[in-house]
Amino acid sequence: MKNSSQGETCRNCRELIGAALDNELSSGETAELMGHLDSCPHCREEWDKFLAVKAGIKNILEKEPVPAHLEKNLSAALAKESGRSKRRQSITMAMAAILVALTGLAFLNGKSLTEKSNSSKISSNAKEQAAAQRLAEIVDATSHNTDNTNCQDCLVNFVGRKAGDEMTKLAGFAVLDSKLGSFELSGSDLVQVKDGNKLVRLCYTSKTDKRVNCIDVYQAPSGTITIAQATEIEINGKKLRQGKIGRQAVVQYTAAGTDLTFVSPLSQEELTALVKPNV
Amino acid sequence: MFAFGQKKKDTADSVLNDWVKQYSRELYQFALLRVNKREDAEDLVQVTFIKAYRAYAGFRSGSNPRAWLYTILANSIKDHLRRSGMSEISLEDESDLLSQLPDPANSPETALIEKDEQERQSQALARGIANLPEQFAAPLLLREVNDLSYKEIADLLSIPIGTVMSRLSRARNALFEIMNKESSDPTREKAGGEK
Ligand SMILES: [Zn+2]
Ligand SMILES: [Zn+2]
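1. As for the coordination of the zinc ion (ligand 1)
Residues and elements named next belong to chain A.
No. 1: Donor atoms from the polypeptide that coordinate the zinc ion (ligand 1) comprise Cys10 (SG), His36 (NE2), Cys40 (SG) and Cys43 (SG), at 2.0 to 2.3 Å from the metal.
No. 2: In this structure, the zinc ion (ligand 1) is surrounded by four donor atoms whose angles at the metal cover 101 to 116°, and the resulting shape is tetrahedral.
No. 3: The motif formed by the donor residues of the zinc ion (ligand 1), counted along the single chain, is C-x25-H-x3-C-x2-C. The two residues Cys40 and Cys43 agree in class, both being buried.

2. Quick notes on the pattern of salt bridges
No. 1: The full count for this structure, using the stated rule, is 15 salt bridges over all chains.
No. 2: Between A:Lys54 and B:Glu144 there is a salt bridge; the shortest N-O distance is 3.2 Å. With A:Lys54 in helix α3 (residues 41–63) and B:Glu144 in helix α5 (residues 134–144), the pair connects residues from two separate chains.
No. 3: Overall, B:Glu144 belongs to the buried group, its relative accessible area being 17%.

3. Details of the environment of A:Asp216
Residues and elements named next belong to chain A.
No. 1: Here Asp216 shows up in strand β5 (residues 215–221).
No. 2: For Asp216, a relative accessible area of 9% corresponds to the buried category.
No. 3: A sequence separation of 13 residues divides Asp216 from Cys203, and the C-alpha atoms of the two residues are 4.5 Å apart.
No. 4: The residues contacting Asp216, other than those within four sequence positions of it, are Arg201, Leu202, Cys203, Thr261, Phe262 and Val263.

4. Concerning the side chain of B:Glu26
Residue and element names in this part refer to chain B.
No. 1: In this fold, Glu26 is placed in helix α1 (residues 6–35).
No. 2: Classification of Glu26 by relative accessible area gives buried; the value is 14%.
No. 3: With sequence-adjacent residues up to four places away left out, Glu26 is seen in contact with Arg66, Val145 and Asn146.

5. Description of the pairing of strand β10 (residues 258–264) of chain A
All names here are of chain A.
No. 1: Here β10 lies mainly inside the structure; seven of its seven residues are buried.
No. 2: Covered by surrounding structure in β10 are Thr258, Leu260, Phe262 and Ser264 together with Asp259, Thr261 and Val263, the residues of both alternating faces.
No. 3: As paired strands, β5 and β10 are joined by six bridges and run antiparallel to one another. Directly across from Pro221, in β10, lies its bridge partner Thr258.

6. Examining the packing of aromatic side chains
No. 1: Enumeration over the complete set of coordinates arrives at seven aromatic pairs over all chains.
No. 2: Between A:Tyr253 and A:Phe262, the aromatic rings sit 6.0 Å apart at their centres with planes inclined by 15°, giving stacked as the arrangement.
No. 3: Its relative accessible area of 2% is what places A:Tyr253 among the buried residues.
No. 4: Seen from their ring centres, B:Phe30 and B:Tyr70 are 5.0 Å apart, and the 75° between their planes marks the pair as edge-to-face. Of this pair, B:Phe30 sits in helix α1 while B:Tyr70 is found in helix α3 (residues 65–84), placing the two residues 40 residues apart along the sequence.

Rules behind the numbers
Residues numbered from 1 in each chain as written. Chains lettered and ligands numbered in written order. Predicted model: local features only at pLDDT ≥ 70, side-chain atom pairs only at ≥ 80, totals over all residues. Heavy atoms only, no water. Donors = N, O, S within 2.8 Å, 3.2 Å for Na, K, Ca; no water. Tetrahedral: all angles 85-135°; square planar, octahedral: opposite > 155°, others 65-115°. Buried < 20%, exposed > 50% of the residue type's maximum accessible area, 1.4 Å probe, protein only. Salt bridge = Lys/Arg side-chain N within 4 Å of Asp/Glu carboxyl O. Helix = DSSP H or I, 4+ residues; strand = E, 2+ residues; numbered from the N terminus. Contact = heavy atoms within 4.5 Å. Pairing = 2+ DSSP bridges. Phe/Tyr/Trp six-rings, centres within 6.5 Å; stacked < 30°, edge-to-face > 60°.

This is the structure:
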């Protein structure tokens, strides 16, 4: 640099300032640059500018600590995903317990709602199995954690933590908030099926209950989601339908023209108790 | 569909949990500086790890997990910004990270004008970063948050090192202007005398 004109030296220096601050220069190069900075206020100014931005970013990060629960929540989400993928092979069969009738699909087994029958019994009806297969895809693909990877005929949009009015606007039907004891909303999905139907999945997670990762609440216009082989009980004059999906408990009721279907690894009694105040 | 064998999946479980310990904090900070909302940043990091878990079968051992996770996160952020229309946010928008920080005027410890000055510069800077176009924000945050070398950034973004340097330089110049603009309000400079 010594042999260059002042202007050229400065130009060279300017290009190196960022690299020096980023520890990308050799110690020799850095020493040479520092020598120039000592004698050149213009380049020194440039140095101070870059330094201010770097310090500013560092300052923001220090003021915004990483949440202490971050790692724990991520591990829990991964554990849940692991469980889900392990179940994936058997989920299609398990899903035969819950039927989603979407446009273009036959409305299945209409009388099954009031029919008390063995929930492990899986219908051999070909149509029903096709619908269950389709259902499995849709429900399996509605994880709040990720975009759709498995559902061929639907599009899953993770929309953050939305419920109530916000979600209603997106879905086009009344989406209701749920109060579930110490569980709180952690994520929402809007599931769009190619034929135009929409389904909402709200995931509620508990900070206190280590046994259960989440209670998922599927919502759709009344009549869209049907639990096969459900038993019916009455609470506050309203009908509550109970069933099983694999080893998970399912509870459903209808309000404001919307079916709310709760799916959880809790026991039937526990889940019903949590859902009750909403009915 | 990703069909893991049982063995492969157990590996994915432990590897992903290791990655959570190693990389989740920097990924969170990267996301936070782009979306300016803690909940969104957390959600985006979670989405990233779940996607990585599901796609783990396609991850070549020996390649750089950090770069891979970053790529997934960057795509998730792009989706997020597109969906929420946040890419159109103006500098005046208040619904951001720093507006959630305690107001320096209400804090007894921040009577010093210097602190107040720093606070406003911080807010301007955070808004500036969130509003930087992706091609400038990515190298800047990979450098400042993730502490990657120029070579690593160049490889990750598939751009030459010279481009990394010029984008860093342009981003920093722009951000300095934004910080400086906010702090040059003359009515603010005399605020210290009132107390
Ligand atoms: Zn100079
Ligand atoms: Zn869930």
